[in-house]
Amino acid sequence: MSLRLGSNISRKVRSRGPKWENLGLKVATLGALGKVPLAPGTVASCLGLLIHLFLQGLPGPWKWGILGFLGVIGIWSAGCAERVLDRKDPPQVVIDEVLGMTAALAGLGTGLLTLGAAFVLFRILDVLKPPPIREVENILPGGWAVVGDDLAAAVGVQLLVRVLGAFWPLLVH
């Protein structure tokens, strides 16, 4: 991509763009994690679960600040990856699963049953993309769409775990 505003500006955009786009691709794929041959999204979701456990030791504002920062980085990097790979929601992009899984667990406990149920529900919703999750992906542009469907799946997980937890209290520990 290049701007036609003048030769100096055009050259700067061309020379800076690909470097940032390639950095974005590396961030979005989390390096080699996006190249895992079998189920990279599931592996990345495991990383999101580990991040959730790490965040439990931090005060509330820090947790939400880190989650927000991951969101900004995720949207930017996923957009870069789409442009570099010239493909909508490339399977190598896994930062969205990390962010989605972390958001799916936000505010929930650390009990094994809670973590397991949320993990399975997130993977089901992320893979099947039932309405309205698919619509979120279809109406948003670029990196917003890549991350948006995973955040919509996270909202679905939150609702399901909390509703099920009302009937089965052990689920939300």
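Just so you know, these numbers come straight off a predicted model, no measurement behind them.

Trainee: Can you help me understand unusual backbone geometry in this one?
Mentor: Following Pro 131, the chain continues to Pro 132 via a peptide bond in cis, the omega torsion being 5°. As for its position among the elements, Pro 132 is in the loop between helix 5 (112–128) and helix 6 (133–139). Even without glycine at this site, Asp 86 takes up a positive phi of about 55°. Relative to the elements of secondary structure, Asp 86 occurs in the loop between helix 3 (60–85) and helix 4 (95–105). Judged by its relative accessible area of 71%, Asp 86 is exposed. Unusually for a residue other than glycine, Asp 89 sits at a positive phi of about 45°. Tracing the chain through its elements places Asp 89 in the loop between helix 3 and helix 4.

Trainee: I tried to follow the side chain of Asp 149 on my own but got confused; where do I start?
Mentor: Among the structural elements, Asp 149 can be located in helix 7 (residues 142–167). Every residue in contact with Asp 149, bar those within four places of it in the chain, is listed here: Asp 89, Asp 126, Lys 129, Ile 133, Val 136 and Glu 137.

Trainee: Whenever I open this one, the nonpolar core confuses me. Can you help?
Mentor: As a rule of thumb, soluble globular proteins bury nonpolar side chains together. By size, the foremost hydrophobic cluster in this structure holds 30 residues, and its most contacted members are Val 93, Met 101, Leu 105, Ala 118, Val 157 and Val 161. Residue assignment for this core shows that the elements contributing at least two residues are helix 1 (7–28), helix 3, helix 4, helix 5 and helix 7. Residue contacts for Ala 118: discarding those within four places in its chain leaves Met 101, Leu 105, Leu 108, Val 157 and Val 161.

Trainee: Can you walk me through a nonpolar patch on the surface in this structure?
Mentor: A surface patch of nonpolar side chains, amounting to about 570 Å² of accessible area, comprises Leu 113, Val 163, Phe 167, Trp 168 and Leu 170. In this structure, Phe 167 sits in helix 7.

Trainee: Would you explain the packing of helix 3 against helix 4 in this entry?
Mentor: When two helices pack together, you describe them by how their axes are tilted relative to each other and by the distance separating the axes. Relative orientation of the contacting elements helix 3 and helix 4 amounts to 155°, with a least axis distance of 9 Å. By the criterion of interaxial angle, the relationship of helix 3 to helix 4 is roughly antiparallel. In terms of crossing hand, the pair formed by helix 3 and helix 4 is left-handed. Here Leu 67, Leu 70, Gly 71, Ile 73, Gly 74 and Ser 77 of helix 3 come into contact with helix 4, specifically with Ile 95, Leu 99, Thr 102 and Ala 103.

Trainee: Looking at this structure, I do not really get the packing of helix 4 against helix 7. What am I missing?
Mentor: Contact geometry for helix 4 and helix 7: axes closest at 8 Å, N-to-C directions at 25°. When the axis of helix 4 is compared with that of helix 7, the two are roughly parallel. The two elements helix 4 and helix 7 cross, and the hand of that crossing is right-handed. Contacts between helix 4 and helix 7 involve Asp 96, Glu 97, Leu 99, Gly 100, Ala 103, Ala 104 and Leu 105 from the former and Val 146, Val 147, Asp 150, Leu 151, Ala 154, Val 157 and Gln 158 from the latter. Here the contact of helix 4 with helix 7 is composed, by residue class, of 9 nonpolar, 2 polar and 3 charged.

Trainee: What is the right way to look at the pattern of salt bridges in this model?
Mentor: When the charged atoms of two side chains with opposite charge come close together, those side chains can pair. Scanning all chains against the criterion turns up 5 salt bridges. Its salt-bridge partner being Glu 21, residue Arg 83 comes within 2.8 Å of it at the nearest N-O pair. Pair noted here: Arg 83 is in helix 3 and Glu 21 is in helix 1, with a separation of 62 residues, a long-range link. The class of Glu 21 is buried, set by a relative accessible area of 19%. As a salt-bridge pair, Arg 134 and Glu 137 come within 3.2 Å of each other at their nearest N and O atoms. A residue pair is termed a helical-turn pair when its members lie 3 or 4 positions apart in one helix, as Arg 134 and Glu 137 do in helix 6 at 3 residues. Judged by its relative accessible area of 7%, Glu 137 falls in the buried class. Counted as one network, the salt bridges with shared partners bring together Arg 123, Asp 126, Lys 129 and Asp 149.

Cut-off values and rules
Residues numbered from 1 in each chain as written. Predicted model: local features only at pLDDT ≥ 70, side-chain atom pairs only at ≥ 80, totals over all residues. Heavy atoms only, no water. Helix = DSSP H or I, 4+ residues; strand = E, 2+ residues; numbered from the N terminus. Buried < 20%, exposed > 50% of the residue type's maximum accessible area, 1.4 Å probe, protein only. Contact = heavy atoms within 4.5 Å. Core = buried A, V, L, I, M, F, W, Y, C linked by side-chain atoms within 4.5 Å. Patch = residues over 30% accessible without salt bridge, like charges linked within 9 Å, V, L, I, M, F, W, Y side chains within 5 Å. Areas by Shrake-Rupley, 256 points an atom, 1.4 Å probe, with all protein chains shown as cover. Salt bridge = Lys/Arg side-chain N within 4 Å of Asp/Glu carboxyl O. Axes fitted to C-alpha atoms, helices over the stretch in contact; angles between N-to-C directions. Parallel < 35°, antiparallel > 145°, perpendicular 65-115°, else oblique. Left-handed = near helix turned anticlockwise from the far one by under 90°. Nonpolar A, V, L, I, M, F, W, Y, C, P; charged D, E, K, R; others polar.

Read these as geometric descriptors, not functional statements.
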